[in-house]
Amino acid sequence: MRLVQLLPFVAVTALSLSTSAQAATTITWWHAMEGALGEKVNAIADEFNASQDDYVVKPVYKGSYSDNLTATIAAFRAGQAPAITQVFEVGTATMMSAKGAIYPVYQLMQDTGTPFDPDAFLPAVKSYYTSSDGHMLSMPFNSSTPVLYYNQDAFAKAGIETPPRTWAELGRDAHKLVESGAAECGLTTAWPSWTQLENFSAINDLPFATQANGFNGSDARLVFDQQPATVAHIQDLAEWQKSHAFEYGGRADSGTKRFQSGRCAMLTTSSASRAGIQEAAKGKFGFAIAPLPYDAEAVSQPRNSIIGGASLWVMQGQSDTVYQGVAEFLNFLSSPAVQADWASFTGYVPITTAAYEQLKAEGFYTKTPGASVAIDQLTRGTPDDNGRGLRLGNMPQIRNIIAEQLEKAFNGSETATQALTTAAKRGNAELEQFERSVSN
Amino acid sequence: MRYRRPGLDGLTHLLLIIGAVIFGLPLWLALTASTHSAADLQSGIAPLWFGDQGLVNYWQLLSQPMPGLGVSALRLLGNSLVMALGIALGKIAISLLAAYAIVFFRFPCRTLCFWLIFVTLMLPVEVRIVPTYGVVARFGLIDTYAGMILPLIASATATFLLRQCFLSLPSELFEAARLDGAGPLRFLKDFVLPLSRTNLAALFVIMFIYGWNQYLWPLLAANSPDHATAVISLKNLVQSTDTLPPWQLATAMTLLTVLPPVVVIVAMQRFFVRGLTDAEK
Amino acid sequence: MPIKMTTFERHSVTPWLLLAPQLAVVAIFFFWPAAESLRQAFYVQDAFGLGERFVGLANFQHVLSSPGYWHAFGVTALFSLLVAAGAMGLALLLAVLADRVLHGARLYRVLLTWPYAVAPAVAGLLWLFMFDPVLGVLTHALAVFGVHWDAQLDPGQALALVVIASIWQQMSYNFVFFLAGLQMIPASLLEAAAIDGAGPFRCFFGITLPLLSPTAFFLLVMNSVYVLFETFATIDNTTLGGPGGATRTLVYKLYEDGFVGRDLGGSSAQSVLLMLLVGVLTFIQFRYLERRVAY
């Protein structure tokens, strides 16, 4: 099996070796896609390389999103930036403000005469990467949204028939799971700030920050600590932590492990984790995917969730030949075939309408139960000021601060109100620092 | 003479054995875990005894690219070896020359030069990390072995130690060399080096371990997996996104990473102790 | 500098040629970046280095008035204290024992010194594995005693994790020094005390311990330096400074602010403050070295 899988790679490598003899232009692409995702990235690049002779795209895995952004900035300062780099959604404001460092995608496409239609992308995706004057600055690549994974075996054992729709229901189910002995822990989460604050705010139509979460101006300030529903939600989780109805699983995606190992019966994390969870759960337990719960007291109808994931930024400092190749490659990447393949393989949502239609036509969503949850949740209703996403400077640091303060709430050393107030205060200091540093 | 009581001696041995066992426990658990399958490890407590997947795991590690990194463990270990040897030999070479100049020559600013070197003790790579990256990048040395090695090879410790060593050589030696008509380089090669062998070996052990175990600098300076070292590769294995950490591979890789410096310490125990107590890092 | 050796006198260029490699490395990779740090500490700059503005001492003011910095300082101090106490206490005990034995001394020494060869990053991983919330042996052992181990949430447990890993790694360094110190104590001194009727404990506390105190003091400094710098790798492989900043040391904060937060001015100011701190420690260490060299 392994060997057979390798054969096309060998063939393609041989091909790209022979083409490089004709001095093809190398395009470096730094990314943060690990494991199976990383292999898929390589396969996509190989496919592009095999499709033409002029350019060779060289993907380089640079560690986590944060590592990659760090490396990109350091390399840019040293005059060694890659042509393309993958930046996570919360790094968007940082990249947008770096006008001399980036080559806006719409402009690149214009300059190289490459066809490019921003309206081909899903609205929730397009808006995230579009500047206030209406230009798309980066190329969406992998977008996901948080969903609820639940362990069907544990649910059956506890006698719960349907997944919870609201947080109140989830709380009841979580306690039931633990008390009945069906699971050691009810709920855990990955990406705590993204799932429990950022998306909680969007889905329940609550502001996370002023100025439409930063979309209307760089003087936005955090206000999640002033929303009673948000504070109450964190307080609930902190209460549940005591009885293991909720277990905090750490930052980034380390909470996923507690679900994969069968310890926790529910998990809120990215829709893109589906493949990884499937592999870990194989032969151990069955799982299914449900929309992220909403707070029935805050909103009558849940609104759209917001995206996570990353987009591709083109960096300044390359030759025209390289940029010609970059434009062609980005065009190739957003083609329906590549996008549909990528989305069905990974659990990321298809980022263009065409790719979505293609997957639907192929019957992907009927064949793969749960795969449609993410895209349905992302596209329900029209995004309002609380639901377009976040455009806040120094957001990676703000996420760290939030995680740090959530930890204090969950381990009981501070109340939810104290923890979130401090988080907002410290986060606002970051926003001020960002404002100062870009307004030079 | 020490107090000798049979009971006390027995207790001494017992406590030492307990100490040695406790200190060995982490490595023992890594060893047993590395012989189980991923599924075994994920379905319970880490086993205290060996499983039957050892060959499979180590073979996978050595024959296939590491998950997430795309380069083989052998390549990573090779990179570590290049870096450790480069740092150890580089430090010794330039410190040897510098100490030799300071001890056996008189020239203006001699004391100043010594102090300039000495002050580097105050500047570990951690405090100058951001600008050092900039300087190395300016020379185009990011992601090269030279870039990984050069910023770490200045050594106040080695210079200081070798200076002490040269100062303790008998001055008759110098007279003998002069009668022989030896110039500076021959004196270094034929007289000084042979007499400093023990010190050089001791320095080598300490510096090799220092180089092999570097973390922060190679993390930044090795920009692609092609130059990543064994030590920094481990985090990638354990903190894998969206999958359970493949502990069977992580523990196996840990053992392979630990092996070379431990072998050096055990095989050169005498030099190690000497190097440590002389060099004080 | 006292020189007792005769020297080559008619060579004026040779010494510079010999010194050139070391001086070049020192100038290019030490002084240049250090000067750059010093300069940047007085500027505010955006992440990409596209523009900068002189701000005087504002960065220092900002760092020194931020509670986060002093929290990291406190964590570093507590961390140092715990590692020094743990690693030195254990090392002293084992060194005294190893100094007593007649048979197998060499084997014990090997068995107790090899962790020195383990990288701090790897030490962190080994203990992370034993304390893994799902499959860790120690996690389950603690559960038997009713302790719920969750280093991702409990600040005390997180600190314990990095402290234990550091003690495990640093013990062997201290052990080597204590053993060397013990072996340098003249046997005649202990024999004389024994003849005077002093028991083993009085011998230890009356003679051995006072004679070891310079070594202990030196090790205290070295253990602090170890915690200050080397534990970066331990932390980066285990707790990542969390939870709630409970394991964020000064160097970890410097790295986070500089490389993750990209606050160059602030991190440079922290670099300068760290250099001062290391300067003090180096001075103390140097004084010790000079004294040791003297006898």
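The structure presented is a predicted model; accordingly, all values stated were derived computationally and were not measured. (Residues numbered from 1 in each chain as written. Chains lettered and ligands numbered in written order. Predicted model: local features only at pLDDT ≥ 70, side-chain atom pairs only at ≥ 80, totals over all residues.)

## Things to note about the overall build of chain A
Rules: Each helix corresponds to a stretch of at least 4 residues labelled H or I by DSSP, and each strand to a stretch of at least 2 residues labelled E; elements are numbered beginning at the N terminus. The quantity called the radius of gyration is restricted to C-alpha atoms. Its globule counterpart is 2.2 Å times the number of residues to the power 0.38. Buried means a residue has 20 or more other C-beta atoms within 10 Å of its own C-beta, exposed means 12 or fewer, and partly exposed covers the counts in between; C-beta atoms are placed from the backbone. What counts as a contact here is a pair of residues whose C-beta atoms, placed from the backbone, lie within 7 Å.
Tallying secondary structure elements over chain A gives 20 helices and 10 strands in all. Relative to a compact globule of 440 residues, whose C-alpha radius of gyration would be 22 Å, chain A shows 22 Å and is just as compact. Considering only C-alpha atoms, chain A reaches an extent of 65 × 55 × 35 Å along its principal axes. Classification of the 440 residues of chain A by burial places 57% in the buried group. Residue pairs in contact within chain A that sit at least 24 positions apart in sequence constitute 76% of those at least 6 positions apart.

## Considerations on the environment of B:P151
Turning to its location among the elements, B:P151 is positioned in the loop between helix 7 (145-149) and helix 8 (156-167). B:P151 sits in the buried class, given 23 other C-beta atoms within 10 Å. With 126 residues separating them in the primary sequence, B:P151 and B:L25 have C-alpha atoms 36 Å apart. Contacts of B:P151, omitting those with residues within four sequence positions, involve B:V125, B:T132, B:V136, B:W217 and C:F29.

## What to know about the interface of chain C and chain B
Across the contact, 81 residues belong to chain C and 81 residues belong to chain B. Sorting elements by how many residues they give to the side of chain C that touches chain B places helix 1 (residues 14-40) of chain C first, with 17 residues.

## Looking at the interface of chain C and chain A
The cut-off we apply is this: Gly is put with the polar residues, along with every residue not named as nonpolar or charged; the nonpolar set is Ala, Val, Leu, Ile, Met, Phe, Trp, Tyr, Cys and Pro, and the charged set is Asp, Glu, Lys and Arg.
Contact residues are listed per partner, giving 26 residues for chain C and 29 residues for chain A. Of the residues in the side of chain C that touches chain A, the class split is 12 nonpolar, eight polar and six charged.

## Brief notes about the packing of helix 11 (residues 228-242) of chain A against helix 19 (residues 395-410) of chain A
Residues and elements named next belong to chain A. Counted only if it meets this: To get an axis, a line is fitted to the C-alpha atoms, and for a helix only the part in contact is used. The angle between two axes follows their N-to-C directions and goes from 0 to 180 degrees. Reported orientations rely on four angle classes, namely roughly parallel under 35 degrees, roughly antiparallel over 145, roughly perpendicular from 65 to 115, and oblique for the rest.
Running from N to C, helix 11 and helix 19 cross one another at 50°; their axes reach a closest spacing of 8 Å. With respect to helix 19, the axis of helix 11 lies oblique. Facing I234, L237, A238 and Q241 of helix 11, the residues of helix 19 in contact are L406, A409 and F410.

## Focus on the packing of helix 4 (residues 73-104) of chain B against helix 1 of chain C
Formally: Should the near helix be turned counterclockwise from the far one by less than a right angle, the crossing is left-handed, whereas a clockwise turn marks it as right-handed.
Running from amino to carboxyl end, helix 4 of chain B crosses helix 1 of chain C at an angle of 135°, the nearest separation of the two axes being 8 Å. Judged by the angle between their axes, helix 4 of chain B and helix 1 of chain C are oblique. Our pair here, helix 4 of chain B against helix 1 of chain C, has a crossing hand that is left-handed. Facing B:I94, B:S95, B:L97, B:A98, B:Y100 and B:A101 of helix 4 of chain B, the residues of helix 1 of chain C in contact are C:P15, C:L18, C:L19, C:P21, C:Q22 and C:V25. Partitioning the contact of helix 4 of chain B with helix 1 of chain C into residue classes produces 10 nonpolar, two polar and no charged.

## Some remarks on the sheet that holds strand 4 (residues 139-144) of chain A
All names here are of chain A. The condition that has to hold: By this definition, two strands are paired if DSSP reports at least two bridges between them.
Taken together, the five strands give an open sheet; going across it, the order is 2-1-3-10-4, and neighbouring strands pair in mixed fashion. Since the sheet does not close on itself, it has two edges, and those belong to strand 2 (55-61) and strand 4, each with one partner. Sheet twist, expressed as the mean angle between neighbouring strand axes with direction ignored, is 20°. As paired elements, strand 1 (residues 25-31) and strand 3 (residues 84-88) share two bridges and run parallel to each other. Its bridge partner being in strand 3, W29 is matched across the sheet by I84.

## Re helix 9 (residues 171-180) of chain B
Counting buried positions along helix 9 of chain B yields one of 10 residues, so the element is predominantly exposed. Backbone geometry just downstream of helix 9 of chain B places B:G181 in the positive-phi region, at approximately 75°.

## A short note on the sheet that holds strand 5 (residues 146-151) of chain A
All names here are of chain A. Spatial ordering of the open sheet is given by 7-6-8-5-9, a layout of five strands whose pairing is mixed. Looking at strand neighbours, the two that pair on one side only are strand 7 (246-248) and strand 9 (287-290), the edges of this open sheet. The mean inter-strand angle of the sheet, taken between neighbouring strand axes irrespective of direction, is 25°. In this sheet, strand 7 lies alongside strand 6 (residues 185-189) in parallel orientation, the contact comprising three bridges.

## Description of helix 18 (residues 371-379) of chain A
Residue and element names in this part refer to chain A. Of all the positions in helix 18, only A371, V373, A374, I375, Q377 and L378 are classed as buried. Each element contacted by the buried residues of helix 18 is listed here: helix 6 (123-128), strand 4, strand 5, strand 9, helix 16 (353-361) and helix 17 (364-367). One or two positions beyond helix 18, positive phi appears at G381, with a value near 70°.

## Observations concerning the pairing of strand 10 (residues 308-314) of chain A
All names here are of chain A. Summarising burial for strand 10: seven of the seven residues are buried, a large majority. Judged by which residues are buried, strand 10 turns out to be covered on both faces: G308, A310, L312 and V314 on one side and G309, S311 and W313 on the other are all buried. Note: strand 3 against strand 10, five bridges, orientation antiparallel. Paired with I84 across the bridge in strand 10 is V314. Bridge count between strand 4 and strand 10: five bridges; the pairing is antiparallel. Pairing of S144 across the sheet is with G308, part of strand 10.

## Points about the pairing of strand 6 of chain A
Residues and elements named next belong to chain A. Of all five residues in strand 6, five are buried; the element is thus mostly enclosed. In this sheet, strand 8 (residues 264-270) lies alongside strand 6 in parallel orientation, the contact comprising four bridges. Residue pairing in the sheet places T188 in a bridge with L267 of strand 8.

## A word on the domain arrangement of chain A
Residues and elements named next belong to chain A. We apply this condition: Boundary definitions for the domains trace back to an automatic or database domain assignment.
Domain boundaries in chain A define domain 1 (2-144 + 307-366) and domain 2 (146-305 + 393-438). Placing a centre on the C-alpha atoms of domain 1 and another on those of domain 2 gives a separation of 29 Å. The interface is formed by 16 residues belonging to domain 1 together with 14 residues belonging to domain 2. Put simply, the parts of the chain that give the side of domain 1 that touches domain 2 at least two residues each are helix 4 (92-97), strand 4 and strand 10. Considering each element in turn, the side of domain 1 that touches domain 2 owes the most residues, three residues, to helix 4. Among the residues making up the side of domain 1 that touches domain 2, the classes are represented as six nonpolar, 10 polar and no charged.

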